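Chain by chain, the residues:
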Amino acid sequence: GGNETRGDAIERFLEAKRRDGLQESTLDGDEYKLNNWNRHTPAGAIMRDVQPDHVHSYIRAKVNEGQANESEPSNATKRSRYRHVRAFLSWAEENEVVDESPVEEVSKPRKEKKEKAFLQLEDVKKILRAIDAHRKMKEDQPGPTPQDTWLKRMIRVAVGTGLRRGEILNLQWGDLDLDAGRLVVRNREGFTAKNGNERTVPLRGDALDTLQEMYEARTPLDNEPVFVDADGEVPKPDRVSKRFKFYVRKAKLSDREELSFHSCRHTTGSWL
């Protein structure tokens, strides 16, 4: 009944779904989202005490709170959180764990209609050329010359693999198997892949060639980061985005204001 703790109720909900024959991968996603929600509500609260605000505040909570890759939730994330919590609370209502689902008082996050901007092959070439052109121009002027070769490589790998910014910055050489043509996105101290899902990603074409060249130039150790700047430091996520945006504007791409580093990932999806 209503005196059950949320954790126990979540366990029973997942068990019921398992009996209904839901895929383990789906259940993992449910479990991840619901436990996440549980952490965002007052500790030790029982099911009867769940308030609309407990749902509302979770929907809007930051992603990867307290970590380096903390960010505002996207529209899709908000909708997904709402869906998961609503399904659980509806189940709770049907099974008389709560009198009525508090979700009824929480408005559903609206869907954004915006098409995701992505790059054509020619756009990618233009950005890479803009990086070269900027360096050449700066070479003839006093002051430091920008060494953004790391960004060129990062863009090639991002477009070829669909990795997210944080995943690319987190890559270590031991995560790559260049002979087999694949890499693994791993969870590490201070970095969690989205939804906690480690996964294997195929390496082909330009992305594989780029990483092979980088490897041969350095022969690095397994625990060394793959992407470092001219000073051998892993670039900060913010710097990756700013430098990318800088060159997208230099390349005068038509939808340059809609494009961000994450557009490389949409590019992979569109090309596939």
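Details of the structure are given in the entry above.
Residues numbered from 1 in each chain as written. Predicted model: local features only at pLDDT ≥ 70, side-chain atom pairs only at ≥ 80, totals over all residues. Heavy atoms only, no water.

Caption draft 1: Expanded view of a positive patch on the surface. A cluster of basic residues, Arg 83, Arg 86, Lys 108, Lys 111 and Lys 116, forms a positive patch at the surface. Looking at where Lys 116 falls in the secondary structure, it is placed in the loop between helix H4 (75-94) and helix H5 (121-139). (Patch = residues over 30% accessible without salt bridge, like charges linked within 9 Å, V, L, I, M, F, W, Y side chains within 5 Å. Areas by Shrake-Rupley, 256 points an atom, 1.4 Å probe, with all protein chains shown as cover. Salt bridge = Lys/Arg side-chain N within 4 Å of Asp/Glu carboxyl O. Lys, Arg positive; Asp, Glu negative; His and termini not counted. Charge placed at Lys NZ, Arg CZ, Asp CG, Glu CD. Helix = DSSP H or I, 4+ residues; strand = E, 2+ residues; numbered from the N terminus.)

Caption draft 2: Fine view of the packing of aromatic side chains. Tallying each qualifying case throughout the model produces seven aromatic pairs. Relative to Phe 88, the ring of Trp 37 lies with its centre 5.8 Å away and its plane at 65 degrees, an arrangement referred to as edge-to-face. Placement of the pair is Trp 37 in helix H2 (residues 24-39) and Phe 88 in helix H4, with a sequence separation of 51 residues. Here Trp 37 matches Phe 88 in class, with each residue buried. On the numbers, 5.0 Å between centres and 85 degrees between planes, the contact of Phe 246 with Tyr 247 is edge-to-face. When its relative accessible area of 27% is taken as the criterion, Phe 246 is described as partly exposed. (Phe/Tyr/Trp six-rings, centres within 6.5 Å; stacked < 30°, edge-to-face > 60°. Buried < 20%, exposed > 50% of the residue type's maximum accessible area, 1.4 Å probe, protein only.)

Caption draft 3: Looking closely at H4. For H4, which comprises 20 residues, the first-to-last C-alpha distance of 29 Å matches the rise-based estimate of 28 Å (1.5 Å per residue) to within 8%. Along H4, the residues classified as buried are Asn 75, Thr 77, Arg 79, Ser 80, Arg 81, Tyr 82, His 84, Val 85, Phe 88, Leu 89, Trp 91 and Ala 92. Its buried side turned inward, H4 meets helix H1 (6-19), H2 and helix H3 (52-60). Where H4 terminates, the next one or two residues include Glu 96, which has phi positive at roughly 55 degrees. (Expected span 1.5 Å × (residues − 1). Contact = heavy atoms within 4.5 Å.)

Caption draft 4: Just the sheet that holds strand S3 (residues 199-202), in detail. Spatial ordering of the open sheet is given by S1-S2-S3, a layout of three strands whose pairing is antiparallel. Whereas interior strands pair on both sides, the edge strands pair on one side only; in this sheet they are strand S1 (176-177) and S3. In this structure, strand S2 (residues 182-185) lies alongside S3, joined through four bridges in antiparallel fashion. Considered in S3, the bridge of Arg 182 is made with Pro 202. (Pairing = 2+ DSSP bridges.)

Caption draft 5: Region of interest: the layout of surface pockets. If you add up the space inside the second largest pocket, you get close to 320 Å³. Taken together, 17 residues make up the lining of the second largest pocket; nearest its centre are Arg 156, Val 159, Gly 160, Asp 206 and Trp 271. Secondary structure elements with two or more residues in the lining of the second largest pocket: H5, helix H6 (149-161), S3, helix H8 (205-218) and helix H10 (263-271). Residue composition of the lining of the second largest pocket, grouped by class: nine nonpolar, four polar and four charged. (1 Å grid on protein atoms, 1.4 Å probe; cavity = no way out; pocket = protein on both sides within 12 Å on 5 of 7 lines; lining within 4 Å. Points joined across faces, edges and corners; volume = space filled by probe spheres on them. Nonpolar A, V, L, I, M, F, W, Y, C, P; charged D, E, K, R; others polar.)

Caption draft 6: Structural detail: a negative patch on the surface. A surface patch of like charges, here negative, comprises Glu 93, Glu 94, Glu 96, Asp 99, Glu 100, Glu 104 and Glu 105. Along the polypeptide, Glu 94 turns up in helix H4.

Caption draft 7: Summary view of unusual backbone geometry. For Thr 219, which is not glycine, the phi dihedral falls at a positive 40 degrees. One non-glycine residue, Lys 252, adopts positive backbone phi at about 50 degrees. Secondary-structure assignment places Lys 252 in the loop between helix H9 (237-250) and H10.

Caption draft 8: Structural context of the side chain of Asp 123. Structurally, Asp 123 is set in helix H5. There is no salt bridge for the buried Asp 123, and the closest opposite charge comes from Lys 126, which lies 4.6 Å off by N-O distance. Those residues within four positions of Asp 123 in sequence are excluded, and the remaining contacts are Phe 118 and Leu 253.

Caption draft 9: Representation of the pattern of salt bridges in the model. Under the counting rule described, the total for this entry stands at 19 salt bridges. Arg 243 is paired through a salt bridge with Asp 148; the nearest N and O atoms lie 2.8 Å apart. Linking Arg 243 in helix H9 with Asp 148 in the loop between H5 and H6, this pair joins segments that are 95 residues apart in sequence. Overall, Asp 148 belongs to the buried group, its relative accessible area being 6%. Put simply, Asp 229 and Arg 239 hold a salt bridge, and the shortest N to O gap is 2.8 Å.

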